[in-house]
Amino acid sequence: MSLLTPNPGLIFWMLVVFLLVVFILAKFAWKPIIKGLKDRENEIQGALDLAERTKSEMVKLKADNEKLIIEANAVRDRILRDAKEASDRMIAESKDRAIIEGQKMIDSARDTIRNEQQAAIAKMRKEVAVLSLEIAEQVLHRELKDKESQEKLISDLASSARMN
């Protein structure tokens, strides 16, 4: 039971040792411990502030990215529209050129056909003239085979020449 009853001498020495431990801790350990706690608190606060700044920057970057995406889509749409217009314009120009070239080819073919037709007509006239001369020559040979026919033709020609 003596352990459960307080002894004034033991209490005194416990109090002295306690105060001595508190004094030593206050002199040497409390300042570094409190300083370490303050440093740790400052680090945690700095990390929280950094996280808050990072979060706000991420929101800003996200907004900027969305804006850039919208601008990029607008530029893409404009480029596609310009390309479509250029394509349509090139197709229309090609069609126009093809029509013009086709018309030139048709006109050239018509001119060629006309020239060949005129050449064929001229050739036919020449052949008809040559054929007519050959026929006339054969007719004259047949008609003028004998001497009497020749004399009659000469007299007819001479009489018609005197009249003219």
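Residues numbered from 1 in each chain as written. Predicted model: local features only at pLDDT ≥ 70, side-chain atom pairs only at ≥ 80, totals over all residues. Heavy atoms only, no water.

1. Considering the overall build of the protein chain
Right, on to step 1. Of the regular secondary structure elements, the protein chain holds 2 helices and 0 strands.
Right, on to step 2. With respect to the principal axes defined by its C-alpha atoms, the protein chain has extents near 200 × 30 × 30 Å.
Right, on to step 3. Relative to its full complement of 164 residues, the protein chain shows a buried share of 0%.
Right, on to step 4. Here the protein chain contributes 28 positive and 27 negative side-chain charges, whose respective centroids are spaced 9 Å apart. (Helix = DSSP H or I, 4+ residues; strand = E, 2+ residues; numbered from the N terminus. Buried < 20%, exposed > 50% of the residue type's maximum accessible area, 1.4 Å probe, protein only. Lys, Arg positive; Asp, Glu negative; His and termini not counted. Charge placed at Lys NZ, Arg CZ, Asp CG, Glu CD.)

2. Section: the pattern of salt bridges
Right, on to step 1. Per the counting criterion, the structure on display carries 5 salt bridges.
Right, on to step 2. Put simply, Arg-76 and Asp-77 hold a salt bridge, and the shortest N to O gap is 3.1 Å. (Salt bridge = Lys/Arg side-chain N within 4 Å of Asp/Glu carboxyl O.)

3. Some remarks on the environment of Lys-55
Right, on to step 1. Examined against the element boundaries, Lys-55 turns out to sit in helix H1 (residues 8-143).
Right, on to step 2. Relative accessible area serves as the criterion here: at 54%, Lys-55 is assigned to the exposed category.
Right, on to step 3. Along the sequence, Lys-55 and Gly-9 sit 46 residues apart, while their C-alpha atoms lie 63 Å from each other.

4. A word on the environment of Lys-60
Right, on to step 1. Within the element layout of this structure, Lys-60 appears in helix H1.
Right, on to step 2. Given the relative accessible area of 56%, Lys-60 is considered exposed.

5. A look at the packing of aromatic side chains
Right, on to step 1. Tallying each qualifying case throughout the model produces 1 aromatic pair.
Right, on to step 2. With centroids separated by 5.3 Å and ring planes inclined at 75°, the aromatic side chains of Phe-12 and Trp-13 adopt a geometry described as edge-to-face.
Right, on to step 3. Relative accessible area serves as the criterion here: at 55%, Trp-13 is assigned to the exposed category. (Phe/Tyr/Trp six-rings, centres within 6.5 Å; stacked < 30°, edge-to-face > 60°.)

6. Brief notes about a nonpolar patch on the surface
Right, on to step 1. A surface patch of nonpolar side chains, amounting to about 440 Å² of accessible area, comprises Val-17, Val-21, Leu-25, Trp-30 and Ile-34.
Right, on to step 2. By the secondary structure assignment, Val-17 is in helix H1. (Patch = residues over 30% accessible without salt bridge, like charges linked within 9 Å, V, L, I, M, F, W, Y side chains within 5 Å. Areas by Shrake-Rupley, 256 points an atom, 1.4 Å probe, with all protein chains shown as cover.)

On their own, these measurements won't tell you what the molecule is for.
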